[in-house]
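# Chains, contacts and geometry: an overview
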Amino acid sequence: MDLADYLKHRNSKELLGGDKASDEQLLTEYYTKWNVKEDPKNCNTGAYVIPRFYTRPPTDDQVLLQKLREEARTSFLQRKNSQLMSNEELQKLWTLLEKYHSPPDDGDELMINFKDYEKIKDEMDEKCSSFFTATTFAKLLRDDPYGRVSIMQMFNYIMKKEWLQQTRISLSLFDVQGLGYLKESDLENYILELIPTLPQLNCLEESFHSFYVCTAVRKFFFFLDPLRTGRVKIQDILACGFLDDLLELRDEDMPKEAQEANWFSAPSSLRIYGQYLSLDTDHNGMLNKEELMRYGTSTLTLSFVDRIFQECLTYDGEVDYKTYLDFVLAMENKKRTSVNSVFLPTSGY
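These lines cover the structure that appears in this document, whether it is placed above or below. As the structure is a prediction and not an experimental result, all values here were calculated from the model.

### Some thoughts on the overall build of the protein
Assigned secondary structure in the protein consists of 18 helices and four strands. Looking at the protein residue by residue over its 349 residues, the buried ones come to 36%. A separation threshold of at least 6 residues defines the contact pool for the protein, and within that pool the share at least 24 residues apart is 60%. If you sum the accessible surface of the protein, you get close to 22500 Å²; carbon and sulfur atoms cover 52% of it.

Quick look at the structure:
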């Protein structure tokens, strides 16, 4: 039988219904292969197995798995840290921005167009290449008639991005479980290690550091953890702006007015703690209702204070320093709706 006769015979066979045995075999084969109810363990190809999208953290008794997870997270953070720009690279970037600025010069502010902007990308390392894109340039573009952006604005943008990444890595080092949030003790350890790097806090005695850390941490948890879950997301810490206020204390020439307005400054924390001590007339380290009513100008009503003690955690009818800090934050931020709804009584008082 030649090829032509074979094809005719094959086509006629298929038109008449084909080989039933062959059809049954194909049906069985495809059913076994594609049936979604088939046990994934019997499939040889990983494409038919639902991928694992969540891995439960190891428990306390799984010491080896905890060590493995910790080492993997540390290695990951170190790799991320190595991708940050060094001071030398930032200096080189500023030099190139000045070198390739685009005329005409408008006063003291140097500008750069997109063509010169791309030249810098070719001379910088790969660490900086992600900043030199059309999208970034468009974000910084304003109303310049020549289509340029300010080199100072560009440099500040890159510095801010690098600072956020560096701060995120620093906070993540205190994330013991590696789940993207910090517990109160984690944030306390972070701020305690940060104190020596803040010149404005050099005046604080070491014995006061624990009270300062408590004062600083309460602001983060009061605003970022309104449901009192005992943890805050690292992403929320970076976005809220409180860290900016805290790190302003690195400025040795910070004006007195700015210090008094900054919750994290030494004068502010000493003032708040001093008020707490002055209210504590029986010197037991706690405040009862009568003592709290003396807050401010002594204008708080008894019904108002009663409601505060109903809403807050008390110890034998008295509140501690942490609860007092929540109270002070609520009183100083009464215009915030979220504060009023969570902490302060809003009607009938």
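### Some thoughts on helix H9 (residues 184–194)
Residues of H9 that are buried: Asp186, Leu187, Tyr190, Ile191 and Leu194. With its buried residues spanning 130 degrees around the axis, H9 presents them on a single face. In this structure, the buried residues of H9 make contact with helix H8 (151–172), strand S3 (181–183), helix H10 (209–224), helix H11 (234–240) and helix H12 (242–247).

### Considering the packing of aromatic side chains
Evaluation of the coordinates by the stated rule reveals 20 aromatic pairs. Note on phenylalanine 220 and phenylalanine 242: the rings are 5.7 Å apart at their centroids and 80 degrees apart in plane angle, and the pair reads as edge-to-face. Of this pair, phenylalanine 220 sits in helix H10 while phenylalanine 242 is found in helix H12, placing the two residues 22 residues apart along the sequence. With a relative accessible area of 8%, phenylalanine 242 lands in the buried category.

### Comments concerning the packing of helix H3 (residues 63–82) against H8
One way to put it is that H3 packs onto H8 with a least axis distance of 10 Å and a crossing angle of 165 degrees. Classified by the interaxial angle, the pair formed by H3 and H8 is roughly antiparallel. Here H3 and H8 pass one another in a crossing that is left-handed. Here H3 contributes Arg73, Leu77, Lys80 and Asn81 to the contact with H8, which in turn contributes Gln165, Ile169 and Ser172. Among the residues making up the contact of H3 with H8, the classes are represented as two nonpolar, three polar and two charged.

### A word on a negative patch on the surface
Taken together, the side chains of Glu248, Asp251, Glu252 and Asp253 present a region of like negative charge at the surface. Checked against the element boundaries, aspartate 251 lands in the loop between H12 and helix H13 (256–261).

### A short note on the pattern of salt bridges
Counted under the stated rule, the structure contains nine salt bridges. Glutamate 89 is the salt-bridge partner of lysine 127, the closest N and O atoms lying 3.7 Å from each other. Remark: glutamate 89 occurs in helix H4 (residues 87–99) and lysine 127 occurs in helix H6 (residues 126–129); sequence separation between them is 38 residues. The class of lysine 127 is partly exposed, set by a relative accessible area of 32%. Between aspartate 144 and arginine 148 there is a salt bridge, and its shortest N-O distance comes to 3.0 Å.

### Points about the nonpolar core
The nonpolar side chains of a soluble globular protein tend to be buried with one another. Within the largest apolar cluster, 58 residues are counted, with the highest numbers of intra-cluster contacts made by Ile191, Tyr212, Phe220, Tyr324 and Phe327. The element that contributes the greatest number of residues to this core is H10, accounting for ten residues. Grouped together as the second largest cluster of nonpolar side chains are 21 residues, Leu96, Met124, Ile151 and Met154 included.

### Looking at the packing of H9 against H10
Put simply, H9 and H10 touch, their axes get as near as 9 Å, and they point 125 degrees apart. Judged by the angle between their axes, H9 and H10 are oblique. Remark: the crossing between H9 and H10 carries right-handed chirality. Residues Glu184, Leu187, Glu188, Ile191 and Leu192 of H9 touch H10, and the partners they reach there are His209, Tyr212, Val213, Ala216, Val217, Arg218, Phe220 and Phe221. Classifying every residue of the contact of H9 with H10 by side-chain character gives nine nonpolar, one polar and three charged.

### As for unusual backbone geometry
For the bond from proline 103 to proline 104, the omega torsion is -5 degrees, close enough to zero to count as cis. With respect to the helices and strands, proline 104 occurs in the loop between H4 and strand S1 (111–112).

How each quantity is defined
- Residues numbered from 1 in each chain as written.
- Predicted model: local features only at pLDDT ≥ 70, side-chain atom pairs only at ≥ 80, totals over all residues.
- Heavy atoms only, no water.
- Helix = DSSP H or I, 4+ residues; strand = E, 2+ residues; numbered from the N terminus.
- Buried < 20%, exposed > 50% of the residue type's maximum accessible area, 1.4 Å probe, protein only.
- Contact = heavy atoms within 4.5 Å.
- Areas by Shrake-Rupley, 256 points an atom, 1.4 Å probe, with all protein chains shown as cover.
- Arc of directions from axis to C-beta.
- Phe/Tyr/Trp six-rings, centres within 6.5 Å; stacked < 30°, edge-to-face > 60°.
- Axes fitted to C-alpha atoms, helices over the stretch in contact; angles between N-to-C directions.
- Parallel < 35°, antiparallel > 145°, perpendicular 65-115°, else oblique.
- Left-handed = near helix turned anticlockwise from the far one by under 90°.
- Nonpolar A, V, L, I, M, F, W, Y, C, P; charged D, E, K, R; others polar.
- Patch = residues over 30% accessible without salt bridge, like charges linked within 9 Å, V, L, I, M, F, W, Y side chains within 5 Å.
- Salt bridge = Lys/Arg side-chain N within 4 Å of Asp/Glu carboxyl O.
- Lys, Arg positive; Asp, Glu negative; His and termini not counted.
- Charge placed at Lys NZ, Arg CZ, Asp CG, Glu CD.
- Core = buried A, V, L, I, M, F, W, Y, C linked by side-chain atoms within 4.5 Å.

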